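If you want the building blocks of each chain, they are given just below.
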Amino acid sequence: MLTDGEVIELVGANRRDLALAAILQAYRRKVFGLAYSFVRNREAAEDVAQEVFIRVWRALPSFDARASLSTWIYTIARNTSLSALREQRREVQREDPATVLEVQPATDSAESSAERVALMRLVDALPDRQRQVVLLYYLQEQSHDEVASMLAMPVGTVKTLLHRARARLAAAAGVLEK
Amino acid sequence: MTLDARLRGLYQGLDTSPNFDARLMARVSAELDASAAEKAARARAQEQRRYVLAKRGQSWSAWLRRAATLERLGAAAFAACVVHNVWVGIQPQVSPLALPLGVTALGLVLALAAPPLLLRCHRRMSRPL
């Protein structure tokens, strides 16, 4: 993963393509997850992620490392997601969580597909901010700090939201947290 | 199985489609092409303007270079001396008539020269760069 300084150097050396490739490798799934947490539709989230990286690519020459690269990218991702959400609110239907699971192979055969769908629906029914935190936290086993940076929230808020979401899910699913 | 493990498993496969990177790079490449074409068009227009300006400047300088030969300069100096001497000789006789005649001649010259000059100006202004 490139440091912010290395990205600036690459852009300065007219190698924006290399900088974008490195950024893409490091942030593709995070940006996609962030977009998905807003628009709640896989295709729309993918379009948003594409738009985010195009915007990043266009704006790379003006990136001056006043904020960290990740903060900068997440800000672009949040703004693009919110714009997409506003524009497409009437057109794009929220995806049934079950259809998301169709393309995801079950990683543990101990849990049945029905149980996974049920859990997904429970997550989907959480309040928006709790749902976003849960999704981003478990998407890539991210840290509280990273989720806070992605959602521009204080770390304490992320912890609180995650705690409440877990409690709610545990109660609803009848699963005891360790 | 703990709730944490179940949630972790839930989102493990959530990712972009396999052709995501290729689609993005194609878009970037298309943007680059569009940007290059735009730059080329701008450069062509700029070069055209520069060429027209240079041609105008060059036509005046070329005309001056062609006209200002040593023989012509000598002939012009000689003609100026002759006119000056003749004028000094006839000035007392024609002086009272000079002003009205001069104004009339100038008016005639302007009246004859104005239409073709205006037409030429109009053509030059309406020609696209």
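To start, this report covers the structure provided alongside it. Note that the structure is a prediction, hence the values are computed from the model and not measured.

### Focus: the overall build of chain B
Assigned secondary structure in chain B consists of 3 helices and 0 strands. Helices and strands in chain B line up, N terminus first, as α-α-α. Burial statistics for chain B: of 129 residues in total, 10% are counted as buried. Taken as a whole, chain B presents about 10200 Å² of accessible surface, with 68% of it coming from carbon and sulfur.

### A look at the packing of aromatic side chains
Residues and elements named next belong to chain A. By the definition in use, this model includes 5 aromatic pairs over all chains. Aromatic side chains Tyr137 and Tyr138 sit 5.1 Å apart centroid to centroid with 85° between the ring planes, which places their arrangement in the edge-to-face category. The ring of Trp57 has Arg16 sitting right over it, with the charged end atom 3.9 Å from the ring centre.

### A look at helix α3 (residues 70-126) of chain B
With 57 residues, α3 of chain B extends just 38 Å between its outermost C-alpha atoms, more than 12% less than the 84 Å of an ideal straight helix rising 1.5 Å per residue. The axis of α3 of chain B is deflected most strongly, by about 80°, at Val94 of chain B, and proline Pro96 of chain B appears within four residues downstream.

### Details of the nonpolar core
If you look at the biggest cluster of nonpolar residues, it comprises 63 residues, and the most contacted ones within it are Ile23, Phe53 and Val134 of chain A together with Leu7 and Tyr11 of chain B. Of the residues forming this core, the biggest block, 12 residues, is contributed by helix α2 (residues 16-39) of chain A. Setting aside residues up to four positions removed in sequence, Leu7 of chain B forms contacts with Leu119, Val123, Val134, Tyr138 and Leu169 of chain A.

About the cut-offs
- Residues numbered from 1 in each chain as written.
- Chains lettered and ligands numbered in written order.
- Predicted model: local features only at pLDDT ≥ 70, side-chain atom pairs only at ≥ 80, totals over all residues.
- Heavy atoms only, no water.
- Helix = DSSP H or I, 4+ residues; strand = E, 2+ residues; numbered from the N terminus.
- Buried < 20%, exposed > 50% of the residue type's maximum accessible area, 1.4 Å probe, protein only.
- Areas by Shrake-Rupley, 256 points an atom, 1.4 Å probe, with all protein chains shown as cover.
- Phe/Tyr/Trp six-rings, centres within 6.5 Å; stacked < 30°, edge-to-face > 60°.
- Lys NZ or Arg CZ within 6 Å of the ring centre and 35° of its normal.
- Expected span 1.5 Å × (residues − 1).
- Bend = angle between axes of the 7 residues up to and from the residue.
- Core = buried A, V, L, I, M, F, W, Y, C linked by side-chain atoms within 4.5 Å.
- Contact = heavy atoms within 4.5 Å.

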